[in-house]
Amino acid sequence: MRKARVATTWLDGCSGCHMSLLDIDEAIVAVAHQADVVYGPLVDAQEVPPDIDVAIVEGAVSSEDDLRKIRAIRRNARILVALGDCAVTGNVPMMRNPLPVKAILERLYVEGADVGKGVPNEVVPPLLKQVAPLHDVVKVDLHVPGCPPSARLILFVLKELLEGRVPDLKSSARFG
Ligand code: SF4
């Protein structure tokens, strides 16, 4: 039987959702029998590959790099899962939205710097004017709230999707 192709990535998030994913511990062996991870922080693929069955995305869309990545993932994935409150609602990253980007960068890189004062214009991807949850930018097939969602919930979602079912999260998922 063909193994499912799973991708994971994080945009503007703290990586806590990925830590929770790793907390499924030995259950990852059972998942590995059904799926190959073809993209994400745990594998060495540089570009989003084609033909992804399930893409799990942590974090909000904050930068031009995030935008490019989430669009590429959407183009190549049959099912896109928004994992965690940042991906679902914007959560913490979205708290910067009332402030102009220029003011934030100057506060951090000029006023807040002791040495090397200056806003970087290389390496750091340009920020978008506003942070957005995933569904504001691309179609999302499943929202999994939580900050982070528990490992148990993530495992349930993965198993259901890999079995071809839509997980019923009504009683098991919550924000925060
Ligand atoms: Fe971190 Fe919470 Fe955002 Fe996940 S939802 S990336 S744990 S702040």
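Summarised in this report is the structure supplied together with it. (Residues numbered from 1 in each chain as written. Predicted model: local features only at pLDDT ≥ 70, side-chain atom pairs only at ≥ 80, totals over all residues. Heavy atoms only, no water.)

### Observations concerning the sheet that holds strand β3 (residues 52–58)
Turning to step 1, where the next piece is worked out: Read across the sheet, five strands follow the order β2-β1-β3-β5-β7 without closing on themselves; strand pairing throughout is parallel. Either end of the sheet is taken by a strand with one partner, and the two such strands are β2 (35–39) and β7 (142–144). The mean angle between the axes of side-by-side strands here comes to 25 degrees, regardless of whether they run parallel or antiparallel.
Turning to step 2, where the next piece is worked out: Here helix α3 (residues 64–76) sits on the sheet and contacts β1 (4–10), β2, β3 and β5 (77–83); the angle it forms with β5, its principal contact strand, is near 135 degrees. (Pairing = 2+ DSSP bridges. Helix = DSSP H or I, 4+ residues; strand = E, 2+ residues; numbered from the N terminus. Axes fitted to C-alpha atoms, helices over the stretch in contact; angles between N-to-C directions. Contact = heavy atoms within 4.5 Å.)

### A closer look at the site of the ligand
Turning to step 1, where the next piece is worked out: Neighbouring the ligand are the residues G13, C14, G16, C17, E58, G84, D85, C86, N91, G146, C147 and P148.
Turning to step 2, where the next piece is worked out: Mapped onto the shell around the ligand, the elements with two or more residues apiece are α1 (16–22) and α4 (85–89).
Turning to step 3, where the next piece is worked out: Classifying every residue of the shell around the ligand by side-chain character gives five nonpolar, five polar and two charged. (Near = heavy atom within 4 Å. Nonpolar A, V, L, I, M, F, W, Y, C, P; charged D, E, K, R; others polar.)

### A word on the environment of P149
Turning to step 1, where the next piece is worked out: Assignment of secondary structure puts P149 in the loop between β7 and α6 (151–162).
Turning to step 2, where the next piece is worked out: The class of P149 is buried, set by a relative accessible area of 2%.
Turning to step 3, where the next piece is worked out: Here the alpha-carbon distance between P149 and H18, two residues 131 residues apart in the chain, equals 9.6 Å.
Turning to step 4, where the next piece is worked out: When neighbours within four sequence positions are excluded, P149 is seen to be in contact with C17, S20, L83, G84, V144 and I154. (Buried < 20%, exposed > 50% of the residue type's maximum accessible area, 1.4 Å probe, protein only.)

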